[in-house]
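Breakdown of the fold
Here are the chains, one letter per residue:
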Amino acid sequence: MQVDIVALGEPLYELNQQPDGRFLPGFGGDTSNVAIAAARLGSSTAYITKLGKDPFGDAIAALWRREGVDHRAVTRHPSAQTGLYLVTHTEQGHQFSYYRNGSAASLLHPVDVPSELVAKSKFLHVSGISQAISGSARETVSAAMEIARRAKVRISYDTNLRTRLWSALEARATIEPTIAVSSLAKTSLEDAEALTGLSEPEAIASRFLALGAGAIVVTLGAKGVYIATPEERLTLRGYSVAAIDATGAGDAFTGALLSEMASGRSIFEAARFANAAAALSTLGYGAVEPLPRRDAVEAFLAQ
Ligand code: KDG
């Protein structure tokens, strides 16, 4: 089994509030969103986690089957449940409420990492959420990264700071060493500010590149994205679209970026495509449902 992108973390069942107050069922979980985003664009992807033996776990497994995400490495926990989150919307944007304590994914253990799958891939994608859900999940991320590092597989990392899962102090102690071994680390202006106290993308990128990362992506919300390598830097302006829900837009960006880079594109070329994919992903509710396919991104870029 050989795939372009292997992602590891916690998938979540999603309930997303509509203007009429009702909740629309869907799916989320940052690293799973990335695997699906890349699969929709034509990449081969696989996912590593634990699901509960419950209807939410069945629904997530069925989603991966439909989307062509290889989930043969996913195990089911006999008693722990699959995590759930609610998305509500305010003037300030979306808000998440989690029901995930003690979830099946939080019981991930280093033995759950299939070494060959990781070692033969082009990218391993993990996040700060994958690390924050529990100590054993954090060790599992470290084990997967060590396999990737030895096999010279590129590590893609999203800081995805969730201070409801861990404090900024605790997060910093894990996130900085992870950025240091990442080929590609993505962060948001908000995360980076909480982690470093810096608010300028240039300064944030310099700080993270100095740790040893190969490339840094700083998302700037609707304003676009800033990309930096030790040699080159670029700001891409965000597209102005009639956004409905930005849940998972960062994951849409990362999935598209990795998909393009796995096909041999440079990070700067890949980011132009990913910027468009991320804009399209905001046109519907939910982290997964509006993720675009390749023809939609190409048509949007051709406009
Ligand atoms: O990036 C979007 C995710 O944050 C969302 O799908 C929910 O995984 C999630 C989380 O833990 O916040």
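For every chain, the first residue of the written sequence is number 1, and numbering continues from 1 onward in sequence order. Local features are withheld for residues below a pLDDT of 70 in this predicted model, meaning they are given only at 70 or higher, and side-chain atom pairs are given and counted only at 80 or more; totals for whole chains, interfaces and linings count all residues. The side-chain quantities take in all heavy atoms of the structure and omit both hydrogens and water.

1. Some remarks on the sheet that holds strand S3 (residues 23-28)
Here, strands pair whenever DSSP counts at least two bridges between them. Note on conventions: DSSP H or I runs of at least 4 residues are helices, E runs of at least 2 residues are strands, and numbering of each starts at the N terminus. Strand order in this open sheet of four strands is S3-S2-S8-S9, and the pairing throughout is mixed. Taken across any chain shown, the strands that pair with only one partner, and hence form the sheet edges, are S3 and strand S9 (93-99). Along the sheet, successive strands turn relative to each other by an average axial angle of 30°, direction set aside. Across seven bridges, the pairing between strand S8 (residues 84-90) and S9 is antiparallel. Note that in S9 the partner of tyrosine 85 across the bridge is tyrosine 98. For helices, the fitted line uses only the C-alpha atoms of the stretch in contact; every axis is such a line through C-alpha atoms, and the angle between N-to-C directions lies from 0 to 180 degrees.

2. Some thoughts on the site of the ligand
Around the ligand, the structure places 14 residues, and the nearest of them are Tyr85, Tyr98, Arg100, Arg162 and Asp251. Under the rule applied, a polar contact is a pair of N or O atoms within 3.5 Å (in protein, one hydrogen donor and one hydrogen acceptor; residues adjacent in sequence only if both atoms are side-chain atoms). A distance of 2.8 Å separates an oxygen atom of the ligand from a polar side-chain atom of tyrosine 85. The side chain of arginine 100 places a nitrogen or oxygen atom 2.8 Å from an oxygen atom of the ligand. The accessible surface values rely on the Shrake-Rupley method and a 1.4 Å probe; as for residues, cover is taken only from the protein chains in view. For the ligand, whose accessible area on its own is 320 Å², the fraction buried by protein is 97%. Being near a molecule or strand, for a residue, comes down to having at least one heavy atom within 4 Å of it.

3. What about the nonpolar core?
In a soluble, globular protein the nonpolar side chains are often hidden away together inside. For our purposes a nonpolar core is just a set of buried Ala, Val, Leu, Ile, Met, Phe, Trp, Tyr and Cys residues, chained together by side-chain atoms within 4.5 Å. Buried means the residue's accessible area, taken with a 1.4 Å probe over protein chains only, is under 20% of the maximum for its type, while exposed means over 50%, and partly exposed covers the values in between. Among the nonpolar cores identified, the biggest contains 43 residues, and Val6, Leu8, Val118, Leu124, Ile175, Ile179 and Ile216 are the most heavily contacted of them. Element by element, the count of residues in this core is highest for helix H5 (residues 135-150), at six residues. Whether two residues touch is decided by their heavy atoms; if any such pair falls within 4.5 Å, the residues are in contact. Filtering out sequence-adjacent residues up to four positions away, isoleucine 175 remains in contact with Gln131, Tyr157, Thr159, Leu161, Trp166 and Leu195. Ranked by size, the runner-up nonpolar core spans 31 residues in total, among them Ile5, Ile267, Ala271 and Ala274.

4. Thoughts on the side chain of aspartate 251
Note on placement: aspartate 251 falls in helix H9 (residues 249-262). In this charge count, Lys and Arg are treated as positive and Asp and Glu as negative; neither His nor the chain ends contribute. Here, a salt bridge means any side-chain nitrogen of Lys or Arg that lies within 4 Å of a carboxyl oxygen of Asp or Glu. One buried charged residue, aspartate 251, remains without a salt bridge, the closest side chain of opposite sign being lysine 186 at 5.4 Å.

5. Quick look at helix H6 (residues 168-180)
A helix is expected to span 1.5 Å for every residue after the first. For H6, spanning 13 residues, the distance from its first C-alpha to its last is 18 Å, which sits close to the expected 18 Å at 1.5 Å a residue. Residues Ala171, Thr174, Ile175, Thr178 and Ile179 constitute the buried set of H6.

6. So, the pattern of salt bridges
Evaluation of the coordinates by the stated rule reveals 15 salt bridges. Note that arginine 100 is salt-bridged to glutamate 10, the shortest N-O span being 3.0 Å. Note that arginine 100 is positioned in the loop between S9 and helix H3 (115-119) and glutamate 10 in the loop between strand S1 (5-8) and strand S2 (12-17), a separation of 90 residues in sequence. Take arginine 100 and glutamate 10: they sit in the same class, and that class is buried. A salt bridge links glutamate 170 to arginine 138; the shortest N-O distance between them is 3.8 Å.

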